[in-house]
Amino acid sequence: MSSSELADPVERGRRVLVLEAAAIRGVAERLGPSFAAAVHLLAQVKGRVVVSGLGKSGLIARKIAATFTSTGTPATFLHPVDSLHGDLGMVGRDDAAVLLSKSGASDELFGLVEQLKRFGVPIIAITGDLDSGLARHADVVLDAGVTEEACPETLAPTASTTAALALGDALAVTLLEIKGFRRDDFATLHPGGSLGRRLLLRVGDVMLTRDIPTLLPERPMRECVVLLAKRRGTVAVVNAKGALLGVVTAGDLTRLMERTDRFLDTPVAEVMTRAPRTTTADELAGAALGLMEKHGIMALPVLDGGDRVVGIVHLHDLMKAGAA
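A quick note: this is a predicted structure, and the numbers were derived from the prediction, not measured. (Residues numbered from 1 in each chain as written. Predicted model: local features only at pLDDT ≥ 70, side-chain atom pairs only at ≥ 80, totals over all residues. Heavy atoms only, no water.)

Asker: Explain the side chain of Thr-161 to me, please; I cannot follow it from the model alone.
Answerer: Following the sequence through the fold, Thr-161 ends up in helix α6 (residues 159-179). Classification of Thr-161 as buried rests on a relative accessible area of 14%. A distance of 2.8 Å separates a polar side-chain atom of Thr-161 from the backbone oxygen of Thr-158. Setting aside residues up to four positions removed in sequence, Thr-161 forms contacts with Lys-56 and Ile-60. (Helix = DSSP H or I, 4+ residues; strand = E, 2+ residues; numbered from the N terminus. Buried < 20%, exposed > 50% of the residue type's maximum accessible area, 1.4 Å probe, protein only. Polar contact = N/O pair within 3.5 Å; in protein donor to acceptor, adjacent residues only side chain to side chain. Contact = heavy atoms within 4.5 Å.)

Asker: Even after reading the chapter, I still don't get the sheet that holds strand β1 (residues 49-53), so can you show me in this structure?
Answerer: Pairing between the strands of a sheet comes from backbone hydrogen bonds, and it takes one of two forms, parallel or antiparallel. Taken in spatial order, the 5 strands of this open sheet run β2-β1-β3-β4-β5, and their pairing is parallel. If you trace the sheet from one side to the other, it starts and ends with β2 (75-77) and β5 (140-143), each paired once. Across the sheet, the mean angle from the axis of one strand to that of its neighbour is 20 degrees, orientation sign disregarded. Two elements, β1 and strand β3 (residues 96-101), share 5 bridges in a ladder whose sense is parallel. Across the sheet, Val-51 pairs through a bridge with Val-98, a residue of β3. Its contacts with the sheet place helix α3 (residues 56-70) against β1, β2 and β3, and it is angled at close to 160 degrees to β1. (Pairing = 2+ DSSP bridges. Axes fitted to C-alpha atoms, helices over the stretch in contact; angles between N-to-C directions.)

Written out as structure tokens, the structure is:
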């Protein structure tokens, strides 16, 4: 295949991405008071957010409902046709609805609109036609209009569905921030995923608490050498009350040996790194891992919130536990 033949698909693909990016920029530029009204409405919902749409809009609606739910706003997808055949029972009077339609004129959607109005459920419309029937019946209308679809001759919705999806994400993330939804909340809702495990895993779940390698500052380096070999390359230097004074690592030993071969009687206090990096048992394991990677550290003393050593956590153990 020639270079010109290869370049043509690339340019076509780039054109699609540029058009869809422009569509989102247009939606962002038109964002105004109606968006604030939609966020305020959703923030006050005591029940669930019912998200609905037909065809491609329905697929986007499913994703928006999933994003709401995973970020602390309970939501569900409702097919507009199925809603008229029993599924309307999932809608309560404390709910709100987000309805998606590019034209705002889908006949199948109006049956659901009628029932939602009967229940007194507020409606937010995401549509490309602000003068459509859906827009007229909605309590809040969000403009998802696009000047051009990326698909030639508008054979399939492309830029319009991208714009609607981006608006849904904007609603979900804005609600997340307003509600103060935190990393821990996200982890609670995603305990089975790798992200959830990283957000829930604490240093205390991984650290070693038995046979912690510690030495008093006056002990000789010959004792430290043995501990470094047996206890994975890091020794905490503590006072009589267990308070951390410093650490000696395998790297410290190597540098000492390069300076002199008569070091075995040297007190560890003369070799240790003072004011070392530390962590606590309730710190996120991922944060401890990041600190170690940033400073090239293989292990961290774990303190009790003060200066007393209660454990030690190793890089390998954090990686093995899934903190990365």
